Amino acid sequence: MTTPEPLAVLIATALSKSFPDQSGGLDIFNDISIHARAGESIAIIGPSGAGKSTLLSILAGLDEPSKGTVELLGKPLSGLDEQSRAELRARHISFVFQSFQLLPELTALDNVQLALEIQGHPNPEKQASYWLDRVGLKQRHHHTPARLSGGEQQRVAIARAFATEPSLLFADEPTGNLDEKTGREIVDQLFELNQQLNTTLILITHDAELAQRCQRRLYLHDGKLQEQ
Amino acid sequence: MKSTQLIRLALKQSRSDLLTFEWRALLLALFLATSLSGFLTLLGNQLEKGLSRQSATMLGADLSLSDSQPIDEALHEEASKLGLLYTNVTQFSTMVSTAEQMLLSSVRAVEAPYPLRGELITEPPQPTQIPVAGTAWAEQQLLERMGIAVGETITLGYSQFKITAAVISSPDRGTGFRSFSPQLLINREDLAATRVIQPGSRIGYRTLFSGTEQQIKGFHAQLRQSLTPQQRLWSVYADQPMASGAMENASGFLRMTSLFGILLCGLLITLSLRRYSSAQYRRSALLQSLGMRPRQILHLYLLKLLLGWTLAALTGIIAGLLLLQLTGSLLQTLLPAGLPAPDYRLIATGPLLSLALLLAIGFSPLLQISRIPVMGLLRRDQLSHQGLSWPARLIILALTGTVIALYLGSAINALAAILLSVATILLAGLCASLLLPPAGRLLARRFRLGRLLSYRIRQQRQWHRVQLGIMCLLLTLLSSLLLSQTELVNRWRAQLPVNTPNQFVINIQPWELEPLNQFLSDSDIETTLYPMIRGRVMLINGQPPERVLDQNQLENNALKRELNLSWLANAPKHNELVAGVWWPAETQENLISIEQDLAEDLGLTLGDKIGFEVGGATFDATISNIRKVEWRSFRPNFYVILSPPVLQNYPQTYITSFRLTDKQAGLSRELLKQFPSLTLIDVSQWIDQASQLIERLIQASTLILGLTLFAGLVLVQLLVYQELEQRRRENALLQILGSTPAQTRQLDILEFALLGFASGIMAALLTEIITGLVSYRLLELPVILHPWIWLMLPLTGMLLFTLAALISHRPSGYRQLQQS
């Protein structure tokens, strides 16, 4: 008896991206392909300016590739209009950022709830509350980001990311603004939830140790992506 | 680091700062503050000078001293020493006659140069300033009434004069009843020969002076010290005989208008500096890490601010002057003689004011920039904006207040204006912001976007309050101005009844009563003739006024002069009794009906007794009722009316007023033909002149307020732009979370439309309050509501905010999240 092949969450084929410049065009990367399955964790590593964040925004349907295609849960993004892509993001994709990206005027609960409101969740407050408790912020629901430590802010961001129960989570240098201990705790939590919820995790990082914890490591360099 | 290096660094950084939005907004605010205050100061000065000149034209001089006795020659010598030009005028009422006609005229005997200001226009034009000896110039009215033409001869006392010109317009017509009669100008050399001036004759002597403002003000102050009770002094710089108070109001209005603009600029300077300083924290930390001391950083940023100010001040001065040119051409018709050139030195007000504002508001953010710890490079939380302490806030407020007080020239006005504006912005903002959550909840139930809007409303409530407050104030000013210009003035005009009298007749003798009544009724003119006699208040409740009244009450003009008294059996129809009852027609008691304000000012009430002196005889009478008098009714009105038995045996004349239509213009000539000793006063020209003056001032004020409002709208646009720049990160996040760019754009527009709506509602409420107060308190009109502004203002607010948001909107994307 063989275990069924996990579902392909993301298939990017022959992606190229270039920006017009005075010399005719600046190539960021060329002919890149990625295949990510459900529950898989993938690290994209590479030097600064290699195009990691550009690749991430294309994979998330926030930007268009110059060439190539991206399929998310079997749907080609290029065939979708703006509205459908936004809905796809709301339902299946989440992000965690280096600088947390919480709205400073909203409480922790409101920040998590906002994502659920956009998704159209039937009970956003309950769900947001549940996820804040789950990331260890039971006593911090009504605190604004200014009253939270960096680690706590990133936990709110993780709660926001997982509350919508995404299929795919992009984490862009999630520990870049945190001290080592807090960074480790945050990463532990990310991987724990990635496993528990079978969420595909695509992580962009400079941190070799963090990259090592992922199942696969892709190295972006000179416009090419190599599996390590 | 040497000073030259610091300056070079400041120059270099200023160039790169020009690319940032915060720096541009700051420069724009400084530019607006400079150009607006410079422009309005110059325009105010121009209007003041223009109105002074207009007044001087009416007065025929800059200063006029009148007396019932010939004016001391020593004064003339004094004026000559001071470099003033002067001329003498003698004016008196007398009968002028031809073989067939006699007419009571006011004769002005003048000497060259005359007039000292303004122009005497004659038809045909004359080569000399004044009539040549033996000739006279007569007003058209005199020629018409006497039925003569230029070239004919008239008799004045023992002399005969050939009329060589008709006076079309003339300054210095004098004051009081003398100025009402048709006038005749003769050469002063001819005066003695006429022998009309005899001991006991009522003659008005005056000397007109002209010179520079400083000379006139100095001489005016000197003359005031030695004025005798019979002397009257008029100065165009102090009295404004043409439009008393209008100039002060216009000038005050300009200053208050520019104050509003300056407060807006101050607010924008504050906001843009705050943003700018936040954006500079990292740079400051970096410079410190490279070895610069906090003091050097402070100097560096002060230099940058001064460089920015220099750029804004230079362009602001040019813009201010251009605006002045533009308004100058628009306002040329405001005054008949056109607008004079302003004192261009006042343009310095603009840059000085913007510099003072910049230093008062900007010093604290600069201090914060210089004190950012180097750790900020490593830990972002160390770069956060530190709120100002309350003492620091109060110091900034006090400094800003001082700057504005210096500009306005009045600490109380500045304080009142600042407090009022700030309180209005805060209160209106707070009240309007209360409208947002229910509106958001209402929308949230219907639209998915509405739920996001609810978050936005919660999230931005602080900023919303400020924005709503400013927008409320702008809309309120706009609508109040429109309403006061259109509706209030129209209502004020409309309150004058259609048949408001425009002709007064005085000096009616008792024996002329019957034929005059007959003449008027034959001419279909309905009117009442009121007896009139002059009397002085001597006693109040049996005591001299000095004993029973305080110093303030004793200053009441009614106690200093003879009052026109009347007596009536029945209450005048156009007065309203507010206390007591009117006496029975056949009463034999000495009773008084007193005007309400006079009674209040002197503290008199029903039952009090007043003692009068009339023609050497004294009598007492008791206050029986108090009347409210509408002085604007253009009907004969009296402070004191007595019951008939008191005065009916004293020698008396009568007064009346009636309305003549344009078609009945010939009737006045006929009336004076039949009753040559009557004095007819045509007030319609005065009403027209007053109306024209009010209209011109309203036009000028509309233009200036319009410009200030425009500046205000530009500031709102900048605020929205600044805010939307901040929103780009937030919108990027919403897109990451699953919104489309179109939805975030709609969200922005929906939010701003809602803000516009709420500020419009609040502005409508404020407008109703302001116009209600103006109606009730100033114009004494009943308060009415304006349903249309409750529709128009929210719509206008929505439109303005939405347009500002549409113009300022820029797309956002993942890049914004990476940059933050």
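For the structure, see preceding data.
Just so we're clear, the structure is a prediction, and the values are computed from it rather than from any experiment. (Residues numbered from 1 in each chain as written. Chains lettered and ligands numbered in written order. Predicted model: local features only at pLDDT ≥ 70, side-chain atom pairs only at ≥ 80, totals over all residues. Heavy atoms only, no water.)

## Some thoughts on the sheet that holds strand 1 (residues 8–19) of chain A
In sheet architecture, strand pairing relies on hydrogen bonds along the backbone and comes in two forms, parallel and antiparallel.
All names here are of chain A.
At step 1: As summarised here, the arrangement of the four strands in space is 2-1-4-5, forming an open sheet in which the pairing is antiparallel. Of all strands in the sheet, those with a lone pairing partner are strand 2 (26–37) and strand 5 (75–76), marking the two edges.
At step 2: Relative to strand 4 (residues 67–72), strand 1 runs antiparallel, the two being bridged by five bridges. Paired with Thr13 across the bridge in strand 4 is Thr69.
At step 3: Sheet strands in contact with helix 1 (residues 52–59) are strand 1, strand 2 and strand 4, and its direction is about 125 degrees off that of strand 1. (Pairing = 2+ DSSP bridges. Helix = DSSP H or I, 4+ residues; strand = E, 2+ residues; numbered from the N terminus. Contact = heavy atoms within 4.5 Å. Axes fitted to C-alpha atoms, helices over the stretch in contact; angles between N-to-C directions.)

## Side note on the pattern of salt bridges
At step 1: A full pass over the atoms with the stated rule returns 15 salt bridges over all chains.
At step 2: As a salt-bridge pair, B:Asp17 and B:Lys304 come within 3.0 Å of each other at their nearest N and O atoms. Placement of B:Asp17 in helix 1 (residues 3–17) and of B:Lys304 in helix 8 (residues 294–331) is noted, with a sequence separation of 287 residues between them.
At step 3: Sharing partners across several salt bridges, the network here consists of A:Glu40, A:Arg216 and A:Glu227. (Salt bridge = Lys/Arg side-chain N within 4 Å of Asp/Glu carboxyl O.)

## A short note on the environment of A:Ile42
All names here are of chain A.
At step 1: Assignment of secondary structure puts Ile42 in strand 3 (residues 41–45).
At step 2: Residues Ile42 and Phe170, 128 residues apart in the sequence, show an inter-C-alpha distance of 9.7 Å.
At step 3: The contacts of Ile42, once residues within four sequence positions are left out, are His35, Ala36, Leu201, Ile202, Leu203, Cys214, Arg216 and Leu218.

## What about the packing of aromatic side chains?
How two aromatic rings sit relative to each other is set out by the distance from centre to centre and by the angle between their planes.
Residues and elements named next belong to chain A.
At step 1: Within this structure, the stated rule accounts for 13 aromatic pairs over all chains.
At step 2: Note on Phe95 and Phe97: the rings are 5.7 Å apart at their centroids and 5 degrees apart in plane angle, and the pair reads as stacked. Take Phe95 and Phe97: they sit in the same class, and that class is buried.
At step 3: The structure contains a cluster of three or more aromatic residues connected by ring pairs, namely Phe95, Phe97 and Phe170. (Phe/Tyr/Trp six-rings, centres within 6.5 Å; stacked < 30°, edge-to-face > 60°. Buried < 20%, exposed > 50% of the residue type's maximum accessible area, 1.4 Å probe, protein only.)

## Considerations on helix 5 (residues 150–163) of chain A
At step 1: In a regular helix each residue adds 1.5 Å, so 14 residues correspond to 20 Å; helix 5 of chain A covers 20 Å between its end C-alpha atoms and thus fits that length.
At step 2: Along helix 5 of chain A, 13 of the 14 residues are buried, which leaves the element largely enclosed by surrounding structure. (Expected span 1.5 Å × (residues − 1).)

## Quick word on the side chain of B:Gln467
Residues and elements named next belong to chain B.
At step 1: If you trace the backbone, Gln467 turns up in helix 13 (residues 461–494).
At step 2: Residue Gln467 is classed as buried on the basis of its relative accessible area of 1%.
At step 3: Beyond its immediate sequence surroundings of up to four residues, Gln467 is in contact with Val716, Leu719, Val720, Leu755 and Phe801.

## A short note on the pairing of strand 5 (residues 135–139) of chain B
All names here are of chain B.
At step 1: In terms of residue burial, strand 5 counts as a mostly covered element, since five of its five residues are buried.
At step 2: Of the two faces of strand 5, the one carrying Thr135, Trp137 and Glu139 and the one carrying Ala136 and Ala138 are both buried.
At step 3: Relative to strand 7 (residues 159–169), strand 5 is paired through five bridges, and the arrangement is parallel. Bridged to Ala138 within strand 7 is Ala166.
At step 4: Sheet topology places strand 5 next to strand 8 (residues 183–187); three bridges connect them, and they run antiparallel. Of the residues in strand 8, the one forming a bridge with Ala136 is Ile186.

## A look at the sheet that holds strand 3 of chain A
Residues and elements named next belong to chain A.
At step 1: Taken in spatial order, the six strands make up an open sheet running 6-7-8-3-9-10, and their pairing is mixed. Sheet topology places strand 6 (93–97) and strand 10 (224–227) at the edges, where each strand pairs with a single neighbour. Ignoring which end each strand starts from, the neighbouring axes of this sheet average 20 degrees apart.
At step 2: Where strand 3 and strand 8 (residues 200–205) come together, five bridges link them in parallel fashion. Pairing of Ile45 across the sheet is with Thr205, part of strand 8.
At step 3: Packing of helix 1 onto the sheet brings it into contact with strand 3, strand 6, strand 7 (168–172), strand 8 and strand 9 (216–221), and relative to strand 7 it is tilted by some 160 degrees.

## Here we look at the interface of chain A and chain B
At step 1: Of the residues lining the interface, 31 residues belong to chain A; the matching set on chain B comes to 24 residues.
At step 2: Both sides together, the interface formed by chain A and chain B hides about 2500 Å², and carbon and sulfur atoms give 58% of it.
At step 3: The tally of links from chain A across to chain B stands at zero salt bridges.
At step 4: Every element with two or more residues in the side of chain A that touches chain B is listed here: helix 1, helix 2 (82–92), strand 6 and helix 3 (108–119) of chain A.
At step 5: Per element, the largest residue contribution to the side of chain A that touches chain B is seven residues, and it comes from helix 3 of chain A.
At step 6: Taken together, the residues that form the side of chain A that touches chain B break down as 14 nonpolar, nine polar and eight charged. (Buried area = accessible area lost by both parts, 1.4 Å probe. Nonpolar A, V, L, I, M, F, W, Y, C, P; charged D, E, K, R; others polar.)

## Re the environment of B:Arg729
At step 1: Topologically, B:Arg729 is positioned in helix 21 (residues 684–736).
At step 2: Expressed as a C-alpha distance, the spacing of B:Arg729 and B:Ser812, which sit 83 residues apart in the sequence, is 7.0 Å.
At step 3: At 3.4 Å, the side chain of B:Arg729 forms a polar contact with the backbone oxygen of A:Leu102. (Polar contact = N/O pair within 3.5 Å; in protein donor to acceptor, adjacent residues only side chain to side chain.)

## Section: the packing of helix 5 of chain A against helix 6 (residues 180–197) of chain A
All names here are of chain A.
At step 1: Axis separation between helix 5 and helix 6 bottoms out at 10 Å; the angle between their running directions is 15 degrees. Comparing their axes, helix 6 and helix 5 come out roughly parallel. The two elements helix 5 and helix 6 cross, and the hand of that crossing is right-handed. The segment helix 5 lies against helix 6, with Gly151, Gln154, Arg155, Ile158 and Phe162 engaging Thr182, Glu185, Ile186, Gln189, Leu190, Leu193, Asn194 and Leu197. (Parallel < 35°, antiparallel > 145°, perpendicular 65-115°, else oblique. Left-handed = near helix turned anticlockwise from the far one by under 90°.)

## A few points about unusual backbone geometry
At step 1: Cis peptide bonds are those with omega within 30 degrees of zero, and the linkage from B:Ala112 to B:Pro113 qualifies with -5 degrees.
At step 2: Mapped onto the elements, B:Pro113 comes out in the loop between strand 3 (102–110) and strand 4 (121–123).
At step 3: Note that the residue after B:Tyr114, namely B:Pro115, is joined by a cis bond; omega there is -15 degrees.
At step 4: Tracing the backbone through its elements, the reader meets B:Pro115 in the loop between strand 3 and strand 4.
At step 5: The phi dihedral of A:Ala14 falls on the positive side, at around 50 degrees, and the residue is not glycine.
At step 6: Position of A:Ala14 among the secondary structure elements: in strand 1.
At step 7: We classify A:Ala14 as partly exposed; its relative accessible area is 28%.
At step 8: At A:Gln101, a position not held by glycine, the phi torsion is positive, near 55 degrees.
At step 9: Counting through the fold element by element, A:Gln101 comes out in the loop between strand 6 and helix 3.

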